[in-house]
Amino acid sequence: MKILIIGTGYVGTATALALAHMGWNVTGLDKEDRIITLLNSGHLPFFEPDMEEFLQKQLGKGNLRFTTKAEEAIQNQEVIFICVGTPAKEDGSADLSYVKMAAETVARYMRNYTLIVNKSTSPIGTQEKIVRWIRDAQPKKGAVPFDVVSNPEFLREGSALRDVLQPDRIVIGSDSHRATAMLRHLYQSMKCPMLVTTPRTAEMIKYAANSFLAVKISFINELARLCDKVEVDVKDVASGIGLDPRVGGSFLQAGIGYGGSCFPKDVEALLHTARSYHGQLSILERAAAVNRQQQVYALKQLKKIIGSFQGKTVAVFGISFKPGTDDLRESPSLHLIRRLLQKGASVAVHDPVARLPQELGDEGVKQYETPERAAEGADAIMINTDWPDYRRIDWKKIGEVMREPVLFDGRNMLDKGLIIEAGFQYRGIGR
Ligand code: UDX
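Keep in mind the model is a prediction, meaning the values are calculated, not measured.

Draft legend 1. Focus on the overall build of the protein chain. Helix and strand counts for the protein chain come out as 17 helices and 14 strands. For a compact globule of 431 residues, the expected C-alpha radius of gyration is about 22 Å, and the protein chain comes in at 24 Å, within 12% of that figure. Counting only C-alpha atoms and orienting by the principal axes, one finds that the protein chain spans roughly 75 × 45 × 40 Å. Across the 431 residues in the protein chain, those meeting the buried criterion constitute 55%. Summed over its atoms, the accessible surface of the protein chain is roughly 19,500 Å², and 52% of this surface lies on carbon and sulfur atoms.

In structure tokens form, the structure reads like this:
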């Protein structure tokens, strides 16, 4: 099959690689010259474990290429995936302008029946909108038949490759037998359940999945605050309830809250959808509020040990929104750094991969190449991203270079006993 992927961000690139790996003939299309040049030379425009080597392998096989030339790329494709961004607008709703632009470009240049697959996370009813946008933009003479299906993507940053090659499930939201049959054929080598639904249901599944996980995280985060009061370790509670298969152990790690390019945006978008239908998702509303408060809570906990932040130096370990990525979008760590600065603290940071934004550098925040350097002379360390590297630190040694050996484990990732043994005052969330 000849397949085009429009948009070569995380989802687009990972999808292109998975489809090329299955043996299909894949082209990736993007507007940005820089990104296309990088991809064609075997390099990624972002950090993702193992993906660069996989890209080079697929390029070597000769059935994958990247281009900026829309007209040439769109003609004579059998399947076109839309994998463009759907950023949040001021009111929380998803901005569909990139999806619309992609649909109109496809309409202009497609020459034969084409199956258009929307993978961009977009609100309920978007598949119908794409059908309309394409119809309206097709040339009067020579309009060709087409189908549009919704096929949401569930990959996670940091494990994107594994997630696209071995997904838990494939959801196809389709109202056309022909389209469903084509996608079944396309995904024939995938050994996972395939769920065929209406397009609207598929769109809802994507938002419901991310929202449910966000609720799970906020549940354990709020419970962690109570655990602090009643002197119970939330990690043991999470293990105790997670062993029940009806609850499940994943996404029960308490910490400074969820971030990233998906959860905050998708939760707001679903809340916006509920409001626009005069409905309410009160549990989800609370989950979003708990997530916002979690950072305030974290600082309060640290303040209990070090007193005022004024004139203190805090070493922040980890700035990306989670380990395994250099993505800083909606990173709880960056929000915390801004709050620390507002409270009069100086901040030194370390991250094994992510780079500090210029704007924070201008405010005096310094990034160091090793955790030890970042911790020199600090009054406290805050672990904001649970990079496995931080488990291998010699804490006794680090404690010696600090002004005060205080550690706030914002991801509950370390063995509390070992840290206390190394001479630290330790505080986590709900521990
Ligand atoms: C998420 C979904 O998991 C994925 O299915 C979807 O396709 C895109 O959005 P991603 O944003 O890459 O993926 O990250 P994820 O691993 O889900 O983590 C999101 C945030 O939640 C991170 O900030 C992470 O630190 C936080 N988190 C996760 C917790 O605080 N506790 C947990 O137990 C799990």
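Draft legend 2. Layout of the domain arrangement of the protein chain. Segmenting the protein chain into domains produces domain 1 (2-196) and domain 2 (212-428). Computed over C-alpha atoms only, the centres of domain 1 and domain 2 are separated by 34 Å. Tallying the contact residues gives 16 residues for domain 1 and 17 residues for domain 2. Carbon and sulfur atoms make up 54% of the surface buried where domain 1 meets domain 2, a total of about 1,200 Å² over both sides. Between Arg329 and Glu157 there is a salt bridge; the shortest N-O distance is 3.6 Å. Connecting domain 1 to domain 2 are seven residue pairs in polar contact (both at pLDDT 80 or more). A breakdown of the residues in the side of domain 1 that touches domain 2 according to their chemical character gives seven nonpolar, five polar and four charged.

Draft legend 3. Fine view of the pattern of salt bridges. Taken as a whole and assessed by the stated rule, the structure comprises 19 salt bridges. The partner of Asp163 in a salt bridge is Arg156, and the shortest N-O contact between them spans 2.9 Å. Taking the relative accessible area as the measure of exposure, Arg156 reaches 37% and is therefore partly exposed. By sharing partners, the salt bridges in this structure join Glu157, Asp327 and Arg329 into a single network.

Draft legend 4. Up close: the sheet that holds strand β14 (residues 425-427). Reading across from one edge, β11-β10-β9-β12-β13-β14 is the order of the six strands in this open sheet, with parallel pairing throughout. The two strands at the open ends of the sheet, each matched to only one other strand, are β11 (366-368) and β14. The mean inter-strand angle of the sheet, taken between neighbouring strand axes irrespective of direction, is 20°. Note that strand β10 (residues 346-350) and β11 share three bridges and pair parallel. Its bridge partner lying in β11, His350 is registered against Tyr368. Along the sheet, helix α12 (residues 282-306) makes contact with β12 (380-383), β13 (406-409) and β14, crossing β13 at roughly 165°.

Draft legend 5. A look at the site of the ligand. Around the ligand, 19 residues are found, and the nearest of them are Phe154, Leu155, Glu157, Phe321 and Lys322. With respect to the ligand, the backbone of Phe154 contributes an N or O atom lying 2.7 Å from an oxygen atom. Contact distances for the ligand include 2.9 Å between an oxygen atom and a backbone N or O atom of Gln253. Counting residues per element, the shell around the ligand draws most heavily on helix α9 (residues 199-230), which supplies three residues. Here the shell around the ligand is composed, by residue class, of nine nonpolar, four polar and six charged. Shared between two domains, the shell around the ligand holds at least three residues of each, these being domain 1 (2-196) and domain 2 (212-428).

Draft legend 6. Up close: the pairing of β13. Where burial is concerned, the two faces of β13 agree: the one with Val406 and Phe408 and the one with Leu407 and Asp409 are both buried. Bridge analysis of β12 against β13 gives three bridges, and the strand direction is parallel. When the sheet's bridge partners are listed, Ile381 is paired in β13 with Leu407. Once you follow β12 into helix α16 (residues 395-401) and on to β13, the crossover reads as right-handed.

Draft legend 7. Structural view of the state of the cysteines. One pass over the full model with this rule turns up zero disulfides. Distance from the sulfur of Cys83, which forms no disulfide, to the nearest cysteine sulfur (Cys262) is 13 Å. Cys83 supplies the cysteine sulfur nearest to Cys192, a cysteine that is in no disulfide, at a spacing of 17 Å.

Draft legend 8. How the structure looks around α12. The first and last C-alpha atoms of α12 sit 36 Å apart over 25 residues, in line with the 36 Å expected at 1.5 Å per residue. The sharpest bend along α12 comes to roughly 30°, located at Gln294. A positive phi of about 75° marks Gly307, the residue just after α12.

Analysis parameters
Residues numbered from 1 in each chain as written. Predicted model: local features only at pLDDT ≥ 70, side-chain atom pairs only at ≥ 80, totals over all residues. Heavy atoms only, no water. Helix = DSSP H or I, 4+ residues; strand = E, 2+ residues; numbered from the N terminus. Rg over C-alpha atoms; globule rule 2.2 N^0.38 Å. Buried < 20%, exposed > 50% of the residue type's maximum accessible area, 1.4 Å probe, protein only. Areas by Shrake-Rupley, 256 points an atom, 1.4 Å probe, with all protein chains shown as cover. Domains from an automatic or database assignment. Contact = heavy atoms within 4.5 Å. Buried area = accessible area lost by both parts, 1.4 Å probe. Salt bridge = Lys/Arg side-chain N within 4 Å of Asp/Glu carboxyl O. Polar contact = N/O pair within 3.5 Å; in protein donor to acceptor, adjacent residues only side chain to side chain. Nonpolar A, V, L, I, M, F, W, Y, C, P; charged D, E, K, R; others polar. Pairing = 2+ DSSP bridges. Axes fitted to C-alpha atoms, helices over the stretch in contact; angles between N-to-C directions. Near = heavy atom within 4 Å. Right-handed = clockwise from strand over helix to strand, strands pointing away. Disulfide = S-S within 2.5 Å. Expected span 1.5 Å × (residues − 1). Bend = angle between axes of the 7 residues up to and from the residue.

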